[in-house]
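# Inside the fold
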Amino acid sequence: MIPAGRANRPRIPIEGPHFITIHDTANPGKGADALMHAKYLKGDEAAKLPVSWHYTVDDTRVVQHLPTTEHGWHAGDGSTGEGNQTSIGIEICENSDGNRTEAEARAARLVGDLLYKLKLPIEAVVQHNHWSGKNCPHIIRARANGWDIFMDKVRVQLNNHLGEEDIPMTEAERKQFEALAARVMELEAQHDMKVPAWAEPAVDRAIELGLIDAPADGGSRDFFRILTVMYRRGLLDK
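Residues numbered from 1 in each chain as written. Predicted model: local features only at pLDDT ≥ 70, side-chain atom pairs only at ≥ 80, totals over all residues. Heavy atoms only, no water.

## Describing helix α10 (residues 221-232)
For the record, the criterion: Helical segments are the DSSP runs of H or I of at least four residues, strand segments are the runs of E of at least two, and each set is numbered from the N terminus. Expected span of a helix, by definition, is 1.5 Å for each gap between consecutive residues, and there is one gap fewer than residues. Here, residues are in contact when the closest pair of their heavy atoms is within 4.5 Å.
For α10, built from twelve residues, the straight-helix expectation of 16 Å at 1.5 Å per residue is met to within 8% by its first-to-last C-alpha distance of 16 Å. Where the residues of α10 are buried, they touch α9 (200-208). Where α10 ends, the next residue or the one after it, glycine 234, has phi of about 80°, a positive value.

Encoded structure:
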């Protein structure tokens, strides 16, 4: 942890947190792993800027620098910016002597764990670019569908924590569900109708003949249509 009271850890309570912000370290040098960044954050240079974030992830470990109850200086949107004040910052290492694929996989697992622990929705995960327009996380952004692939890994980890009934629907599944629900309501309405005005003469005649009981509410549209056709063709005159 960054020592409490330093300029880059003033112990200001975070709002929420409401978001998780993903960064790349932009440091490809050999040895620029999570432990090296932890050492940097505890040094004078980081305090002077000030700069701080909550976690650094490399291919072998996750190092925490701030409690998730305190906000850091990582989003690039200023001292009153929503990114700094409300989001947890996660930096993914890109050191040339590390395994970047494993670092991203480890970061995705961390994000899934945090979403579950903090009861945040999947939409709470954003790029650094979201706050400041910076091209970050630049490695993920540079790949075709890079962000979607990363978020798929996050979902896998989140779903590992959730029971089957708790796994959130995707947007496509939500739209399918809403369409199905609307169709069910439509069918229920059609099969529990009051007698429509155009069918009243036929219904009255069928009641007179004892073919149906009064009141006749609760039939379907098809039932009232058939009864009306029979009436108009004289089949209910006898």
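## Overview of the sheet that holds strand β1 (residues 19-24)
Note the cut-off: Two strands form a pair only when DSSP identifies at least two bridges running between them. Helix axes are fitted only over the stretch in contact, all axes being lines through C-alpha atoms; the angle between N-to-C directions runs from 0 to 180 degrees.
Overall, mixed pairing links the five strands, which are arranged β3-β2-β4-β1-β5 in an open sheet. Single-partner strands in this sheet number two, and they are β3 (62-64) and β5 (125-127). Across the sheet, the axes of successive neighbouring strands diverge by a mean angle of 25°, strand direction being ignored. For β1 and β5, the ladder comprises three bridges, and the chain directions are parallel. Note on β5: the bridge partner recorded for isoleucine 20 is valine 125. Each of β1, β4 (87-92) and β5 is contacted by helix α7 (residues 146-161), which is oriented at about 155° to β5, the strand it contacts most.

## With respect to the nonpolar core
Short version of the rule: Nonpolar cores are built from buried Ala, Val, Leu, Ile, Met, Phe, Trp, Tyr and Cys residues. Side-chain atoms within 4.5 Å join them into one set. A 1.4 Å probe rolled over the protein chains alone gives each residue an accessible area, and that area as a share of the maximum for its type sets the label: buried under 20%, exposed over 50%, partly exposed in between.
The biggest cluster of nonpolar side chains holds 26 residues, and the ones touching the most others in it are Ile20, Ile22, Ile90, Val111, Leu115, Phe150 and Val154. Where this core is concerned, the elements lending two or more residues are β1, β2 (55-57), β4, α4 (100-118) and α7. Counting residues per element, this core draws most heavily on α4, which supplies seven residues. Leave out the neighbours within four places in its chain, and phenylalanine 150 touches Ile22, Ile92, Glu104, Ala107, Ala108, Val111 and Ile140.

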